[in-house]
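Chains, contacts and geometry: an overview
Given next are the chains, with one letter for each unit.
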Amino acid sequence: MGSLQVRAIHPGFGAEVSGLEPKVPLADDTIAQLRHLFDEKGLLVFRDIDADLRFQTYLSLLLIGEDPLANPDQSLDSPSARRELLVSNREEGGNAPVGRLLYHSDYMWRDDVFRLLSLYGLKVEQPTSPTMFVSAAHGWETLPDELRARVEGLYAIHGQNASYDVRSGGDADVLLPKFADEETIRLPIAFRHPRTGQTLLYVTPQFTQRIDGLSDADSEALLGELFDHLYRPDVEVQHLWRERDLVMWDNIALQHARPNITYEGPARTLRKTFAPPPGANASKRPEFTTVGA
Ligand SMILES: [Fe+2]
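Calculation criteria
Residues numbered from 1 in each chain as written. Predicted model: local features only at pLDDT ≥ 70, side-chain atom pairs only at ≥ 80, totals over all residues. Heavy atoms only, no water. Core = buried A, V, L, I, M, F, W, Y, C linked by side-chain atoms within 4.5 Å. Buried < 20%, exposed > 50% of the residue type's maximum accessible area, 1.4 Å probe, protein only. Helix = DSSP H or I, 4+ residues; strand = E, 2+ residues; numbered from the N terminus. Contact = heavy atoms within 4.5 Å. Phe/Tyr/Trp six-rings, centres within 6.5 Å; stacked < 30°, edge-to-face > 60°. Pairing = 2+ DSSP bridges. Axes fitted to C-alpha atoms, helices over the stretch in contact; angles between N-to-C directions. Donors = N, O, S within 2.8 Å, 3.2 Å for Na, K, Ca; no water. Parallel < 35°, antiparallel > 145°, perpendicular 65-115°, else oblique. Left-handed = near helix turned anticlockwise from the far one by under 90°. Nonpolar A, V, L, I, M, F, W, Y, C, P; charged D, E, K, R; others polar. Salt bridge = Lys/Arg side-chain N within 4 Å of Asp/Glu carboxyl O.

1. Regarding the nonpolar core
Membership of the largest hydrophobic core comes to 32 residues, with the highest contact counts inside it found for Leu43, Phe133, Leu200, Tyr202, Val247, Trp249 and Leu254. The element that contributes the greatest number of residues to this core is strand E6 (residues 116-124), accounting for three residues. Sequence-distant contacts of valine 247, defined by excluding residues within four places in its chain, comprise Leu43, Leu44, Val45, Leu117, Ser118, Leu119, Phe133, His239 and Trp241. Core analysis: the second largest hydrophobic core is formed by 26 residues, Val17, Leu20, Ile31 and Ala275 among them.

Structure (structure tokens):
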């Protein structure tokens, strides 16, 4: 115990952790310390760490309270666990290879939304595009009373067809994810995090379609006010990628985005894991086009 050093990234969320030796299994006290930190901070950054896919998957599951070594359904050596998913503008078949992504939480319209996402820097040429984060928990905590009173008791509908083309302000580089189904979910805007119990300001420009019960104009106007609050520049964390960075975040409490990426730009290949693993989601991975396409 005590071998980990922790440095806050932002007063509201995020911690950089050093001193972690990437091995399977980790010691019980290290696991307890990391789980506590993850629930408290929502975003953990490890730099200069040699994380292979097995360790990345193991740590992803551990941080959401699972015990991957005890649960045979989460076998780290199964074919599905050993399938590598790359976010890349170089590798053949790379996911979301180019384009800008508006703020979102992956698959937030599903009741089995991913609880954790992670990325590991395999190939990073500079200057590369960062990944940006905001905290929906911090967003709710800091929401002005007047705005909080207006959204209390309201529900939002999330799905694949939000008005991101409008919300992107005409930016032709914004990526539009197209999914195979038309699933939606209706959740309180003041959504309670299922594990930590935190209240979240749970709306995103990419996946929130509308506020239930309001006219189109009123819904979009109120969402605009909430987005202005959520994405204030002083609460945004930009992760500037280097090779051998391991970044893990709570996909429910935090939202992520990225500026534009091109095929011609610096190489950017990141290995991604989801926890729990995609399973039933696997066949529903989106196709991406851009607003300008
Ligand atoms: Fe994403």
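2. Focus on the packing of aromatic side chains
Inspection of the entire model under this criterion finds nine aromatic pairs. Both rings, one in phenylalanine 114 and one in phenylalanine 274, keep their centres 4.5 Å apart while their planes meet at 40°; by these two values the pair is tilted. With phenylalanine 114 in the loop between strand E5 (101-104) and E6 and phenylalanine 274 in strand E17 (residues 268-275), the pair connects residues that are 160 residues apart, well separated along the chain. Under the relative-accessibility criterion, phenylalanine 274 is labelled buried at 14%.

3. Brief notes about the sheet that holds strand E10 (residues 184-188)
With antiparallel pairing, the three strands of this open sheet are ordered in space as E10-E8-E13. In the strand order of this sheet, the two ends are held by E10 and strand E13 (208-211), each with one partner. With direction set aside, neighbouring strand axes in the sheet form an average angle of 25°. Judged from the five bridges that link them, strand E8 (residues 155-159) and E10 form a sheet pairing that is antiparallel. Bridge pairing in E10 places isoleucine 157 opposite arginine 186.

4. What to know about the coordination of the iron ion
Taken together, His104 (NE2), Asp106 (OD) and His256 (NE2) make up the protein donors of the iron ion, found 2.1 to 2.2 Å from the metal. Donor residues for the iron ion sit on one chain with the sequence pattern H-x1-D-x149-H. Of the two residues, aspartate 106 sits in the loop between E5 and E6 while histidine 256 sits in strand E16 (residues 254-258), which places them 150 residues apart along the sequence. Assigned by exposure class, aspartate 106 and histidine 256 land together as buried.

5. Some details on the sheet that holds strand E2 (residues 15-18)
The seven strands lie next to each other as E1-E2-E3-E15-E6-E17-E4, forming an open sheet whose pairing is mixed. Each end of this open sheet is capped by a strand with a single partner; those strands are strand E1 (5-8) and strand E4 (85-88). Adjacent strand axes in the sheet meet at a mean angle of 25°, parallel and antiparallel pairs treated alike. Relative to E2, E1 runs antiparallel, the two sharing four bridges. For glutamine 5, the partnering residue across the bridge sits in E2 and is serine 18. In the packing of helix H1 (residues 28-41) onto the sheet, the strands contacted are E1, E2, strand E3 (43-46), E6 and strand E15 (246-250), and the crossing angle to E3 comes to about 125°. Against the sheet, helix H2 (residues 53-63) engages E3, E6, E15 and E17, with an angle of about 40° to E17.

6. Some details on the packing of H1 against H2
Here H1 crosses H2 at 65°, and the two axes come no closer than 9 Å. Here H1 lies roughly perpendicular to H2, going by the angle between them. In terms of crossing hand, the pair formed by H1 and H2 is right-handed. Two secondary-structure elements touch here, H1 through Ile31, Leu34, Arg35 and Phe38 and H2 through Tyr58, Leu59, Leu62 and Leu63. The residue inventory of the contact of H1 with H2, partitioned by class, reads seven nonpolar, no polar and one charged.

7. A word on the pattern of salt bridges
If you walk through the whole model with that rule in mind, you get 20 salt bridges. Arginine 47 is the partner of aspartate 245 in a salt bridge, and the nearest nitrogen-oxygen pair spans 2.9 Å. With aspartate 245 in the loop between strand E14 (237-239) and E15 and arginine 47 in the loop between E3 and H2, the pair connects residues that are 198 residues apart, well separated along the chain. Among the ionic contacts, a cluster of salt bridges with common partners joins Asp48, Asp50, Arg242 and Arg244.

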